[in-house]
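Here's the letter readout for the chains.
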Amino acid sequence: MENIEAREFSGPRVDLHSHSTCSDGVLSPAALVARAAQQGVDLLAITDHDTTAGVSEARTAAATLGLKLIAGVEISVSWQNRVLHVLGLNVDPQHPELAAGLQALGEVRVVRAERLAEKLEKIGIAGALAGAREQAGGGIPGRNHFARFLVAAGHARDTQRAFKRYLVRGASCHVSCEWAGLDAALSWISSAGGVSVLAHPARYKLTNGALRRLLAEFRAAGGVGMEVISGFQTADLTATMARYARQFDLLASRGSDFHEPGAGLELGRLPPLPEDCTPVWQSWAA
Ligand code: AMP
Ligand code: MN
Ligand code: MN
Ligand code: MN
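The notes below deal with the structure included here. Within each chain, residue numbers correspond to sequence positions counted from 1 in written order. Naming scheme: in the order in which they are written, chains are lettered from A and ligands are numbered from 1. Per-residue local features of the predicted model are confined to residues with pLDDT of at least 70, and side-chain atom pairs are confined, for both listing and counting, to 80 or more; whole-chain, interface and lining totals are unaffected and use all residues. Side-chain numbers here rest on the full set of heavy atoms in the structure, without hydrogens or water.

Any N, O or S atom lying within 2.8 Å of the metal counts as a donor, with the limit raised to 3.2 Å for Na, K and Ca; because water is left out of the atom set, some sites can appear incomplete. Protein-derived ligands of the manganese ion (ligand 2) are Asp-24 (OD), His-49 (NE2) and His-259 (NE2), with the metal-ligand distances lying across 2.2 Å. A spacing of 5.7 Å is found between the manganese ion (ligand 2) and the manganese ion (ligand 3). In this pair, Asp-24 is assigned in the loop between β1 (14–15) and α2 (29–38) and His-49 in strand β2 (residues 43–49), connecting sequence segments 25 residues apart. Side by side, Asp-24 and His-49 carry an identical accessibility label, which is buried. A run of H or I in DSSP counts as a helix once it spans at least four residues, and a run of E counts as a strand once it spans at least two, with each numbered from the N terminus. Per-residue accessibility, obtained with a 1.4 Å probe over protein chains only, is compared with the maximum for each type, and a residue is labelled buried under 20%, exposed over 50%, and partly exposed between these values.

What follows is about the sheet that holds strand β4 (residues 82–89). Here, strands pair whenever DSSP counts at least two bridges between them. As summarised here, the arrangement of the seven strands in space is β1-β2-β3-β4-β5-β6-β7, forming an open sheet in which the pairing is mixed. At either margin of the open sheet sits one strand with a lone partner, and together these are β1 and β7 (251–255). As paired strands, β1 and β2 are joined by two bridges and run parallel to one another. Bridge assignment links Asp-15 to a residue of β2, and that residue is Leu-44. The contact criterion used is simple: two residues touch if any of their non-hydrogen atoms lie within 4.5 Å. Orientation is described by axes fitted as lines to C-alpha atoms, over the contacting stretch for helices, and by angles from 0 to 180 degrees between their N-to-C directions. The strands touched by helix α8 (residues 182–191) within the sheet are β3 (68–79), β4 and β5 (195–198), with β3 carrying the most contacts at an inclination of about 160 degrees. Against the sheet, helix α9 (residues 208–220) makes contact with β3, β4, β5 and β6 (225–230), and its axis sits at roughly 180 degrees relative to β5, the strand it touches most.

Moving on: the nonpolar core. For this analysis, a nonpolar core means a set of buried residues of the types Ala, Val, Leu, Ile, Met, Phe, Trp, Tyr and Cys, connected via side-chain atoms within 4.5 Å. Residues Leu-16, Ile-75, Leu-89, Met-226, Val-228 and Trp-284 are the most contacted members of the largest nonpolar core, which totals 70 residues. Examining the composition of this core, we find that seven residues originate from one element, β3, more than from any other. If we skip the residues at most four places from it in the chain, Leu-89 touches Leu-16, Ala-45, Thr-47, Ile-70, Ala-71, Gly-72, Gly-194, Val-195, Val-197, Ser-253, Val-280 and Trp-284. Counting 19 residues, the second largest nonpolar core, distinct from the first, contains Ala-117, Phe-149, Leu-150 and Tyr-166.

Here's what the structure looks like:
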């Protein structure tokens, strides 16, 4: 077992997608960085949903532990009636244009949480806003916090089921929102000195044709990279995503999308990128 892991995960451990308690992760920024260091990660990006609030705490922890931290954010984007996630990596978290954009998305999130709680109330689930706020530890509650509340209050057996029953598009309490436009998100990121990376392209359930249109539009709008490896995925999918990256002239990224210990992929436990990909982190790793 040791040998297999050593072979599979040799080389620099790079993980450019992770969440803290500043959005829907369960570890504080400092604890996230400490866990990454423990897992042997050398280069970590903290990419909370629509906020860079965790960056400064993560930076301090990373400096102490000798790990390189990339300041990042995962921006919610509305595109053709869908929600996409765009990572801004290596951003200046204080840049005014980015900060103003994220502030506006925070307001969308506040209203969405209220409307979601109203919908739950209507089907007989009381106290969801307070419950989700509690799960969010004082931050703005996202769908994961509602899912955790629903489980804690006995309305679902686990968070997967809570999503399926109440929170996904088409479910009873889904609330659709107007997130950032694609051009706006890319402009905030580049103004803040960062690079835009399309997160988990395979997770949008797009047809091949629609995915190609998205990648072309993303590239034309100034998108720089795409996640070729996101969380646990098959080698086949990795090869397919690597082909798309080459075809659309996008740099390749990889990230665990870590949210909590014991659920989903562990920090840094990612296979290497296919050889013919150009890593988005090439200039940061040194
Ligand atoms: P939000 O940005 O608040 O709408 O929440 C999006 C987050 O919810 C994603 O980043 C995931 O962490 C989580 N999520 C979305 N869909 C599901 C699902 N079907 N099952 C479990 N978690 C999900
Ligand atoms: Mn999330
Ligand atoms: Mn995402
Ligand atoms: Mn994520």
